[in-house]
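Tertiary structure, described
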Amino acid sequence: MSRLLLKDVRPYGEGDPVDVLVEGEVVAQIGANLDVDADEIVHADGAVLLPGFVDLHTHLREPGREDAETIETGSAAAALGGYTAVFAMANTDPVADNAVIVEHVWRRGREIGLVDVHPVGAVTVGLKGEKLAELGTMRRSAAEVRVFSDDGHCVHDPLIMRRALEYTKSFGGVVAQHAEEPRLTVGAQAHEGANAARLGLAGWPAPAEEAIVARDCLLAGHTGGTLHICHVSTSGTADILRWWKSRETAGQVSAEVTPHHLLLTDDRLETYDPVNKVNPPLRTDADVLALRRALADGTVDCVATDHAPHAAQDKDCEWSAAKPGMLGLQTALGIVVQTMVRSGLLDWRGVARVMSERPAEIAGLADQGRPVAVGEPANLVLVDPDAEWTVRGAELASLGENSPFDGMQLPGRVVATLLRGRLTAHEGKVRR
Ligand code: DOR
């Protein structure tokens, strides 16, 4: 059995450094100055040890747009970003709305072996919002799909949404909603506010998100189904979730926020650079601050990247023709450290909660988001909390280079990622 020794680590950033011995796939010993033989030693110099990150919202683009990302390049980006599990969104071409496609994505993820790739199944056939996809068949497939989403599109028909919540309830599934009332966002290009008005861009109003979030909380409560809200972007959505979760009959409702919505605002529109185009759009300072508070107090459960790589021709064009979306997997931790840890809103236990434990719970993963403790699966990430690094979009592992953080200095560097006891990334390099 392989033995890997992590020397001088600080689990959750607490206490004096200890050594962690990983044997095979599990944490075998934790203690000061362990006197053991190992096949490999990682000298951590007091780096923070956390459970590996889990991303509920990743676009891997395969099948169909392998010029933007593949399961292989996306898996590399995930490992380098500290992730041990990602959920691959269904808006591929063909759409992942059946057992054949989800099994392909799942198998390819296993073959590559850098991160657990869990395919998300589409809620409706072809993401068209008209007819439920074969959710039960995807659940019973080898990929054992549990999370369903039409992300990129809203399941806007309330009756279809109701049926999806009812049906997934029968097998413990989750419906992850891209909350966007389409009648309110026809032609929308940017957050509806002063900046978009000045620049002549059609607005994406906050109530288009909030109306769907409120409706779907009510439907989840009524049906007893399990709802997850994708990429929360407005302070009003945070208010609705806070109110909903305060009710005794709230049922199962969870929500995610992206790193970019925790940091960037629509002031970025000024340059007309489509790297800043994303759906839902970048919003205001007040929204950013409300989202940080909501993440800190648990109103928003977790961080999810909405990693959305695009090929150059889909971004290097005028604003209205550009596709929405930005890279996220390799910069998520840095942005969470900058916006949440350095501001005192979260400690490292909090980071473990929002980037690993809650997403694993929401998706029902038994072997991820586990405590850093003896006997637990060694899905781990080692973080140097003091290291600062400069993002270079072209050097990230993704095929797309559309990072709005290009050139930015970020705190918190991933030193190593372990998947079931095996190093998948170390010192900025993928380990195969
Ligand atoms: O910005 C986005 N890009 N938002 C989405 O909902 C979809 C995603 C994509 O697939 O590129």
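Residues numbered from 1 in each chain as written. Predicted model: local features only at pLDDT ≥ 70, side-chain atom pairs only at ≥ 80, totals over all residues. Heavy atoms only, no water.

- For the protein, the name recorded in an unreviewed UniProt entry is Dihydroorotase, with Saccharopolyspora hirsuta as its organism.
- In UniProt, the protein has this text filed under Sequence similarities (unreviewed entry): "Belongs to the metallo-dependent hydrolases superfamily. DHOase family. Class I DHOase subfamily."
- Quoted straight from UniProt, the Function (unreviewed entry) entry for the protein says "Catalyzes the reversible cyclization of carbamoyl aspartate to dihydroorotate." (UniProt positions renumbered as here; feature names shortened; annotations may be inferred.)

**What to know about the site of the ligand**
- Lining the immediate surroundings of the ligand are 14 residues, of which Arg61, Asn91, Asn279, His310 and Pro324 lie closest.
- Within the contact set of the ligand, an oxygen atom lies 3.1 Å away from a side-chain nitrogen or oxygen of His310.
- Within the backbone of Gly325, an N or O atom sits 3.2 Å from an oxygen atom of the ligand.
- Contact with the protein chains covers 94% of the free accessible surface of the ligand, which is 290 Å².
- Taken atom by atom, the bulk of the ligand overlaps the largest pocket.
- Residue composition of the shell around the ligand, grouped by class: three nonpolar, eight polar and three charged. (Near = heavy atom within 4 Å. Polar contact = N/O pair within 3.5 Å; in protein donor to acceptor, adjacent residues only side chain to side chain. Areas by Shrake-Rupley, 256 points an atom, 1.4 Å probe, with all protein chains shown as cover. 1 Å grid on protein atoms, 1.4 Å probe; cavity = no way out; pocket = protein on both sides within 12 Å on 5 of 7 lines; lining within 4 Å. Sits in = over half its atoms within 2 Å of the grid points. Nonpolar A, V, L, I, M, F, W, Y, C, P; charged D, E, K, R; others polar.)

**Here's the deal with the pairing of strand 3 (residues 26–31)**
- Pairing of strand 2 (residues 18–23) with strand 3 involves five bridges; the strand directions are antiparallel. Each bridged residue has a counterpart across the sheet, and for Asp19 the counterpart in strand 3 is Gly31.
- Linking strand 2 to strand 3, which pair antiparallel, is a turn of two residues; within it Gly24 sits at a positive phi near 60°. (Pairing = 2+ DSSP bridges. Helix = DSSP H or I, 4+ residues; strand = E, 2+ residues; numbered from the N terminus.)

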